[in-house]
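Chain residues, written in single-letter form:
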There are 2 protein chains.
Amino acid sequence: MKTIDDRLATRTTRMNASAIREILKVTQSGDILSLAGGLPAPEAFPVDIVKGICQKVLEENPVQALQYGPSEGLGPLRQALVEYAARLGISASLDEVLVFTGSQQVLDLLGKLLVNTGDNVVVENPTYLGALQSLNAYQPNYIPWPTDDEGAIPDALEEILRKNRVKLIYAVPNFQNPTGRTLGLERRRCIARILVQYEALLVEDDPYGRLRYSGTDVPTIKSMAPDNVVYLSSFSKVLSPGLRLGWVVAPHEISRWLVIAKQGADLHTGSLPQAIAAEFVAGGYLDRHLSVVLDLYRRRLAAILEALECHLNEVATWTRPQGGMFVWVTLPAVLDAEEVYWKAIERKVAFVPGKFFHTDGVGNSTMRLNFSNTHEDRLGEAIERLAGSIKDVAA
Amino acid sequence: MKTIDDRLATRTTRMNASAIREILKVTQSGDILSLAGGLPAPEAFPVDIVKGICQKVLEENPVQALQYGPSEGLGPLRQALVEYAARLGISASLDEVLVFTGSQQVLDLLGKLLVNTGDNVVVENPTYLGALQSLNAYQPNYIPWPTDDEGAIPDALEEILRKNRVKLIYAVPNFQNPTGRTLGLERRRCIARILVQYEALLVEDDPYGRLRYSGTDVPTIKSMAPDNVVYLSSFSKVLSPGLRLGWVVAPHEISRWLVIAKQGADLHTGSLPQAIAAEFVAGGYLDRHLSVVLDLYRRRLAAILEALECHLNEVATWTRPQGGMFVWVTLPAVLDAEEVYWKAIERKVAFVPGKFFHTDGVGNSTMRLNFSNTHEDRLGEAIERLAGSIKDVAA
C-alpha cells in the first residue's frame, strides 16, 4: 500500500518545520496572554473606511473588482504605489511595481525563480521565520549573516560575498522581525556599496517601516542601490492583513520574471482587495489612518518597555525599538528559552523562543515578544508572568 | 556584469511559455471580438448581492474579515463547503476541505509537494493550459492521456499506469477546458477502478461542473474513489474570479501537506473574500444566483452552436457541450490554426490555437472558442469572421 511518503517530492523534507508549529499550538487557548504571534491589533483596523470604500468600489467599478485581473496587479493600485513609493524615496517605473498575495508570496516566488538546491542564501541571524518557511521548499544553503546590537554587520556580509557564490540576501532593515532592530544610515550605505561591488541581490523586506513611534526615518537600501535590491512592502500592518496584499519594487528583469511566476502560482492577486487598497492609498486614507495606528502601538511599546524595566531589570537584556511590533529579549546564557516557554504557558503567557529564528542552532537564550496585539493595560501583567517563569527555570 | 540568466534557477527554463503569451497579446485591442479568453461574463457577477454581503460581513464580524486567518481557510466557509460538497455527492470531513487563492494555487502546491524533476504526470491530451503553467516549475515529464469524442479514454490510462511510475494524473471531467467534453458515467467508473487498482492519485479539476445548461449531472470520480482523488473546485465561475477563491476536498494525508505548503506560499487566502463566499454559500445566494448565470450562458452556447452550424458546416467539426465555457473546433488537417489565428486577428476576431493545450506537439488544426464572455448577439458575427479567416488560409 502506497503511503504519503511514496508520493512526496524530496523538497518536502525541508518544508515540514513541525517543531515550532507544535510548540505554538498551545498559545491558541483562550486564557493565555499571547506575545507569541505577529498580529496587528484588531482595534487598528479601519473598519468604517473599508466599509465605505467597499461600497464605492462596487458602485463605481464592480467589474474591475470582481473580474479576473492582470498578474502584475490592478492598474490603479500600481499607479498609486508608484507615487507612494516616490514619497518613501524610491523612484520606480510602473513595470517595476507589482502586487502579490501578501509579501509572503514574493519570498516564495523569488525562491522559485532564483534558488537551485544547495544555492547559498544569506539571511540575517536571527531572521524572519516566514522567509525560511517559504525558501525551504527550494532547499537553499543558508549562510547566517552575523548581527550585533545595531543589526546586520556590513563587513560580515562582504566577507560572505568574497568567499561564496550567493544567490540571494534577505534582510528586514526596519524594526526587524524578530529583534526590533533598525539598521542605521551608515550601515545601509555600506551594504548598498557592497551589493553593487559584488553584483549581489538583496531582498529588502519592509513591512514595518511606517510603524515608527519615535525617531526619524532612515532611507531604504533600495534608494541607494536600486538595481541590486528587490524592495518588499505590505498592506498587512497599515490596512489589514486579511486582504493579503504585498507589493514590490523590483529591477525590471526581476519584475518580468516575477509576473511569469505569479501566473503559475495563483494567476493574480484578489481584485476586490486591490481595488480597496487603491482607494485607500490614492484617497489619502492611508496617512490619516496611520496616525491612529501609531498612537495605539506607541502606547503599547511604551508599556512593554516599562514592564520589562520593572520586572526583568538585572535578569535579562532587551532591545528598545523605535517602532514595529517586536522586542527581543536575551536571557543569561545558562537559561533555555524553550524551557521558559513551557513554564510561561503554565503561567498563561506565551512568546516565541528565539532559536527558531536562527539557521545555525544558536539563540537558545533569546525570546521574541510581540506587543502590538495585547492591550497596554495587560502588558504589565504579561511581563510579570514572564518574569515569574524565568525565575521558575532559574531556580 | 551579471545578467538575469546568471541568477535564475534551472527550473525557470520550463516556466517561460512565452509563445502563447506573445500571441494572445494582440487580443487585448478594443475592437477585436475575443473568443480567446476564459472569462466569465461581467453581466454574470452578483454585484448587489456582494455589496450587501460586504456590509453585513464588515458589520457583524469585521475582525474575522480583516485579520490574519488560518492557512486551512476560514472556518465558516470550510463548514459551508463541507455541506455544499455533500450536496454534490462528495462526503468530506472538515479537515479534508481547504480554501486556496484560486484553484490555480492548488495545482502549484500539488506540484511543489509531489513532483520531483522528471516525475511522470499524466494530463489529458489536450489539457488545461494553466495546469501546465503551474506544474512546469517542477519540471515533470508529461505523459499525454489519449482522448476521443467522449473525453479521456480509461483503457489508455490503464496502459500508461501499467508501464510507468506516475506521480499525478490531472483531468477536467466536466465541460473540459479546452474541449467542452464531459466524461460519461461508465468511463468515470472505469477510471475510479483503475485509480484504486494502481494506487494512483487523480486531480479532478471541476471549475465548470455547475455550469450545466442541459442534460443531467454525472457523479464525480471523487465520489467513486475518495482516497485516490483530490477534488478541486472554484468560486470563479459561480461568484467572481476576482475574489480568487478555490477549494479542495483532499484525502487527509494530502490535505495536511497542502496546509504546510500553503503556509510558505502565501500564509492564507484573503479573509474578506472568504467571509463573502461563506455568506454566499451558507445564505443560499449561490443556488439562486446560479440560475441567472445558467440562463445567460445557455443562450450564448445556443448562439455559438447555431453560428457554427451556419458558417462552418462542411468546413470543420466541433464539440457540442452541454455546459461550461468552451467549444472545440477541428479544422481539416491541412489547415494550421495558428495561421488562421493571424488571419482572424486581421478580421478582428480572436481564439486560442489548440496546439498550446497539447503536450506532444499535435493539435495544429484545432481551436478553442470561448462563448461565455461575448454577448449572444455578437457571436454570429464572431463566427462569421472566423469562417472568413479559415477561408483566407484555405484559399
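Predicted, not measured: the structure shown is a model, and the values here were computed from it. Per chain, residues are indexed from 1 in the order of the written sequence. Going through the entries in the order they are written, you letter the chains from A and number the ligands from 1. Residue-level local features of this predicted model are given only where pLDDT is at least 70; pairs of side-chain atoms are given and counted only at 80 or more, and the full residue set underlies all totals for whole chains, interfaces and linings.

Draft legend 1. Looking closely at the overall build of chain A. From N to C terminus, chain A includes 14 helices and 15 strands. Dimensions along the principal axes, computed over C-alpha positions, put chain A at roughly 60 × 60 × 50 Å. Exposure classification rests on a simple neighbour count of other C-beta atoms within 10 Å of a residue's own: a residue reaching 20 or more is buried, one at 12 or fewer is exposed, and one in between is partly exposed. C-beta atoms are placed from the backbone. Across the 395 residues in chain A, those meeting the buried criterion constitute 55%. Placing C-beta atoms from the backbone, we regard two residues as in contact once those atoms come within 7 Å. Taking as baseline every contact in chain A between residues at least 6 positions apart, the subset at least 24 positions apart corresponds to 78%. Secondary structure elements follow DSSP: runs of H or I no shorter than four residues count as helices, runs of E no shorter than two count as strands, and numbering proceeds from the N terminus.

Draft legend 2. Region of interest: helix H9 (residues 185-197) of chain A. Residue and element names in this part refer to chain A. Residue count minus one, scaled by 1.5 Å, sets the expected span of a helix. For H9, spanning 13 residues, the distance from its first C-alpha to its last is 18 Å, which sits close to the expected 18 Å at 1.5 Å a residue. Among all positions of H9, only Arg 187, Arg 188, Ile 191, Ala 192, Ile 194 and Leu 195 are buried. One side of H9 holds all its buried residues, which, seen down the axis, span an arc of 165°. Projecting away from the buried face of H9 at angles above 90 degrees are the exposed residues Leu 185 and Glu 186. The secondary structure elements touched by the buried residues of H9 are strand E6 (151-152), helix H8 (154-163), strand E8 (202-205) and strand E9 (229-234). Count one or two residues on from H9 and you reach Glu 199, which has phi positive near 50°. Along the arc lie the directions from the helix axis toward the C-beta atoms.

Draft legend 3. Representation of the interface of chain A and chain B. Counting from both sides, the interface comprises 61 residues of chain A and, opposite them, 61 residues of chain B. Listed by contribution, the elements that provide at least two residues to the side of chain A that touches chain B are helix H1 (4-7), helix H3 (47-60), helix H4 (62-66), helix H6 (103-114), helix H7 (129-136), helix H10 (252-266) and helix H11 (271-282) of chain A. Among the elements that take part in the side of chain A that touches chain B, H10 of chain A stands out by supplying 8 residues, more than any other.

Draft legend 4. Seen up close, the environment of Leu 286 of chain B. All names here are of chain B. Topologically, Leu 286 is positioned in helix H12 (residues 285-312). Given 19 C-beta atoms within 10 Å, Leu 286 falls into the partly exposed group. It is 30 Å that separates the C-alpha atoms of Leu 286 and Phe 351, two residues lying 65 residues apart in sequence. Setting aside anything within four residues of it in sequence, one finds Leu 286 in contact with Val 238, Phe 280 and Val 281.

Draft legend 5. Quick peek at unusual backbone geometry. A cis amide bond, omega 5°, links Asn 125 of chain A with the succeeding residue Pro 126 of chain A. By the secondary structure assignment, Pro 126 of chain A is in the loop between strand E3 (120-124) and H7. Residue Pro 178 of chain B follows Asn 177 of chain B across a cis peptide bond; omega there is 20°. On the secondary structure map, Pro 178 of chain B appears in the loop between strand E6 (166-171) and helix H9 (185-197). Phi at Arg 244 of chain A takes a positive value of approximately 55°, unusual for a residue other than glycine.

Draft legend 6. Focus on the domain arrangement of chain A. All names here are of chain A. Note: domain ranges come from an automatic or database domain assignment. Looking at the assigned domains, one finds that chain A contains domain 1 (4-45 + 288-394) and domain 2 (47-285). With centres defined by C-alpha atoms, the gap from domain 1 to domain 2 works out at 24 Å. On the domain 2 side, the residues contacting the 32 residues of domain 1 number 35 residues. Among the secondary structure elements, those contributing two or more residues to the side of domain 1 that touches domain 2 are helix H12 (285-312) and strand E12 (326-330). The biggest single contributor to the side of domain 1 that touches domain 2 is H12, with 8 residues. Three classes are used, and their members are as follows: Ala, Val, Leu, Ile, Met, Phe, Trp, Tyr, Cys and Pro are nonpolar, Asp, Glu, Lys and Arg are charged, and the others, Gly among them, are polar. For the side of domain 1 that touches domain 2, a count of residues per class yields 16 nonpolar, 10 polar and 6 charged.

Draft legend 7. Main features of the packing of helix H8 (residues 154-163) of chain B against H9 of chain B. Residues and elements named next belong to chain B. Between the N-to-C directions of two axes lies an angle of 0 to 180 degrees, each axis being a line fitted to C-alpha atoms and, for a helix, fitted only over the stretch in contact. H9 packs onto H8 with a crossing angle of 15° between their chain directions and a minimal axis gap of 9 Å. One element, H8, and the other, H9, form an angle in the roughly parallel class. Handedness of the crossing formed by H8 with H9: right-handed. Mapping the contact onto sequence places Pro 154, Leu 157, Glu 158 and Leu 161 in H8 and Arg 187, Cys 190, Ile 191 and Ile 194 in H9. Its residues assigned to classes, the contact of H8 with H9 shows 6 nonpolar, no polar and 2 charged. Oblique is the label for any angle not covered by the other classes, which are roughly parallel (under 35 degrees), roughly antiparallel (over 145) and roughly perpendicular (65 to 115). Crossing handedness is defined as follows: a turn of the near helix away from the far one that is anticlockwise and smaller than a right angle gives a left-handed crossing, while the clockwise case is right-handed.

Draft legend 8. Examining the pairing of E8 of chain A more closely. Residue and element names in this part refer to chain A. Of the two faces of E8, the one carrying Leu 202 and Glu 204 and the one carrying Val 203 and Asp 205 are both buried. When DSSP finds two or more bridges between two strands, those strands count as paired. Where strand E7 (residues 166-171) meets E8, 3 bridges bridge the pair, whose relative direction is parallel. Residue pairing for E8: Ile 169 is matched across the bridge by Leu 202. For the crossover from E7 across H9 to E8, the handedness is right-handed. Examined bridge by bridge, E8 and E9 share 4 bridges and lie parallel to one another. Residue Val 203 lies in a different strand from E9, and its bridge partner there is Val 230. We call a crossover right-handed when, viewed with both strands directed away from the observer, the connection leading from the first strand over the helix to the second proceeds clockwise.

Draft legend 9. Quick look at the environment of Asn 164 of chain A. Structurally, Asn 164 of chain A can be placed in the loop between H8 and E7. Residues contacting Asn 164 of chain A, with those up to four places away along its chain left out, are Asn 120 and Ile 143 of chain A.

Draft legend 10. Region of the structure containing the sheet that holds strand E3 (residues 120-125) of chain B. All names here are of chain B. Read from one edge to the other, the open sheet built from 8 strands follows the order E2-E9-E8-E7-E6-E3-E4-E5, with strand pairing classed as mixed. For this open sheet the edge positions go to strand E2 (97-100) and strand E5 (151-152), each flanked by a neighbour on one side alone. Here 6 bridges tie E3 to strand E4 (residues 141-148), and the two strands are oriented parallel to one another. Within E4, the residue paired with Val 122 across the bridge is Ile 143. Packed on one face of the sheet, helix H5 (residues 75-87) meets E2 and strand E9 (246-249) and runs near 120° to E2.

Draft legend 11. Geometry of the packing of H3 of chain A against H11 of chain A. Residues and elements named next belong to chain A. Running from amino to carboxyl end, H3 crosses H11 at an angle of 115°, the nearest separation of the two axes being 9 Å. What the angle tells us is that H3 and H11 run roughly perpendicular. Of the two possible hands of crossing, H3 and H11 adopt the one that is right-handed. Across from Val 50, Ile 53, Cys 54, Lys 56 and Val 57 in H3, the residues of H11 making contact are Ala 275, Ile 276, Glu 279 and Phe 280.

Draft legend 12. Seen up close, the relation of the copies chain A and chain B. With an RMSD of 0.0 Å, the operation that places chain A on chain B is a rotation of 180° combined with a shift of 0.0 Å along the axis. Classification of the inter-copy transformation places it as that of a two-fold axis. The overlap is high: 100% of the interface residues of chain A also sit at the interface in chain B, so the same surface is used on both sides. Residues reaching a pLDDT of at least 70 in both copies supply the C-alpha atoms on which the copies are superposed by least squares.

Draft legend 13. The arrangement of the sheet that holds strand E10 (residues 246-249) of chain A in detail. All names here are of chain A. What the 7 strands build is an open sheet, ordered E2-E10-E9-E8-E7-E3-E4; its pairing is mixed. In the strand order of this sheet, the two ends are held by strand E2 (97-100) and strand E4 (141-145), each with one partner. The average undirected angle you get between the axes of adjacent strands in this sheet is 20°. Along the sheet, H8 makes contact with E3, E4 and E7, crossing E4 at roughly 150°.

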